[in-house]
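# Structural overview for review
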Amino acid sequence: MIIIEPGDPLAAPASDLLDASQALMRRLFNPEENHFLTHDALAQPNVRFFVAREGEKTLGCAALKLFDDYAEVKSFFVTDAARGRGIGAALLRQIEDTARAENCSLLRLETAEALDAACRLYETHGFARRGPFGSYIDNQVSVFMEKQISPVSP
């Protein structure tokens, strides 16, 4: 059974997943095209960080960074061995549920066309492409998406 729970981005095994994710991003993209958050940034009070596990094996992670008027999906990663097993969908459900609980009605994210599985996952779950937001710029590599959600009623 897949379990999604809060994790500590500064401690193994979550930090190991982040290291693997960041190494992949460094292999695929130039430094100016990488927008991942550091482990320390993921441990800040305005970030909700989650891990996916099956038994004792940690298979993926994802974070939600809260802003005043939206929340951003960050550090979304699933191990190669776990891909295609619904781990990403489970993490995304947790991210959306957490955003709703935080009274957020808009989710945004930045990914890349080269990460086609990620693009498909987000589009399948209702994210639509949009232009750059926040401090991002159009770099011909990034793909920007957003999704309106209904916050939890008071």
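Above this text sits the structure in question.
Treat the numbers as computed from the prediction; the structure is a model and nothing was measured.

All right, on to the nonpolar core then. Among soluble globular proteins, nonpolar side chains are generally buried collectively. Judged by nonpolar contacts, the single largest core of 27 residues is most densely connected at Phe-76, Leu-91, Leu-107, Tyr-122 and Phe-127. Looking at this core, the elements that each hand over two or more residues are β2 (47-54), β3 (57-66), β4 (71-78), α3 (87-101), β5 (106-112), α4 (116-124) and β7 (142-148). The element best represented in this core is α3, accounting for six residues. Excluding its chain neighbours within four sequence positions, the residues that come into contact with Leu-107 are Leu-64, Ala-71, Ile-95, Glu-96, Ala-99, Phe-127, Met-145, Glu-146, Lys-147 and Ile-149. By size, the runner-up hydrophobic cluster in this structure holds 11 residues, among which are Leu-42, Val-51, Cys-61 and Ala-63.

This part takes up the side chain of Gln-22. Looking at the element boundaries, Gln-22 is found in helix α1 (residues 14-28). Those residues in contact with Gln-22 that lie beyond four places of it in its chain are Phe-36, Leu-37, Thr-38 and His-39.

A word on the pairing of β2. Inspection of the sheet shows strand β1 (residues 2-6) paired to β2 by five bridges, in the antiparallel sense. Note that in β2 the partner of Ile-4 across the bridge is Ala-52. Pairing of β2 with β3, which is carried by eight bridges, proceeds in the antiparallel orientation. Each residue of the ladder has a partner; that of Arg-48, found in β3, is Leu-64. Between the end of β2 and the start of β3, which pair antiparallel, lie two residues, with Gly-55 showing a positive phi angle near 65°.

So, about the environment of Ala-12. By secondary structure assignment, the location of Ala-12 is in the loop between β1 and α1. When the C-alpha atoms of Ala-12 and Ala-63 are compared, they prove to be 16 Å apart, with 51 residues separating the residues in sequence.

Before going further, it helps to spend a moment on the packing of aromatic side chains. Applying the stated rule across the entire model yields seven aromatic pairs. Here Tyr-70 and Phe-133 contribute two aromatic rings whose centre-to-centre distance is 5.7 Å and whose plane-to-plane angle is 85°, an arrangement assigned as edge-to-face. With Tyr-70 in the loop between β3 and β4 and Phe-133 in the loop between β6 (128-130) and β7, this pair connects stretches of sequence that are 63 residues apart. Among the residues examined, Phe-133 registers a relative accessible area of 4% and is labelled buried.

Among the structural elements, Glu-123 can be located in helix α4. As a C-alpha pair, Glu-123 and Leu-24 span 99 residues in sequence and 22 Å in three-dimensional space. In this view, Glu-123 contacts Arg-129 and Met-145; residues no more than four positions away in its chain are not counted.

Thresholds, definitions, all that
Residue numbers here run from 1 along each chain, matching the order of that chain's written sequence. Only residues with pLDDT of at least 70 get local features here, since the model is predicted, and only at 80 or more are side-chain atom pairs given and counted; chain-wide, interface and lining totals rely on the full set of residues. Heavy atoms from the whole structure form the basis of all side-chain values; hydrogens and water molecules are not counted. What we call a nonpolar core is a set of buried Ala, Val, Leu, Ile, Met, Phe, Trp, Tyr and Cys residues that are connected through their side-chain atoms within 4.5 Å. Whether a residue is buried, partly exposed or exposed follows from its accessible area with a 1.4 Å probe, protein chains only, as a fraction of its type maximum: under 20%, in between, or over 50%, in that order. Helix and strand assignments follow DSSP, with helices taken as H or I runs no shorter than four residues and strands as E runs no shorter than two, numbered in order from the N terminus. In this description, contact between two residues means that some pair of their heavy atoms is separated by no more than 4.5 Å. Following DSSP output, two strands are said to pair if at least two bridges run between them. Note on aromatic contacts: the rings of Phe and Tyr and the six-membered ring of Trp form a pair at centre separations within 6.5 Å, being stacked when their planes are under 30 degrees apart, edge-to-face when over 60 apart, and tilted otherwise.

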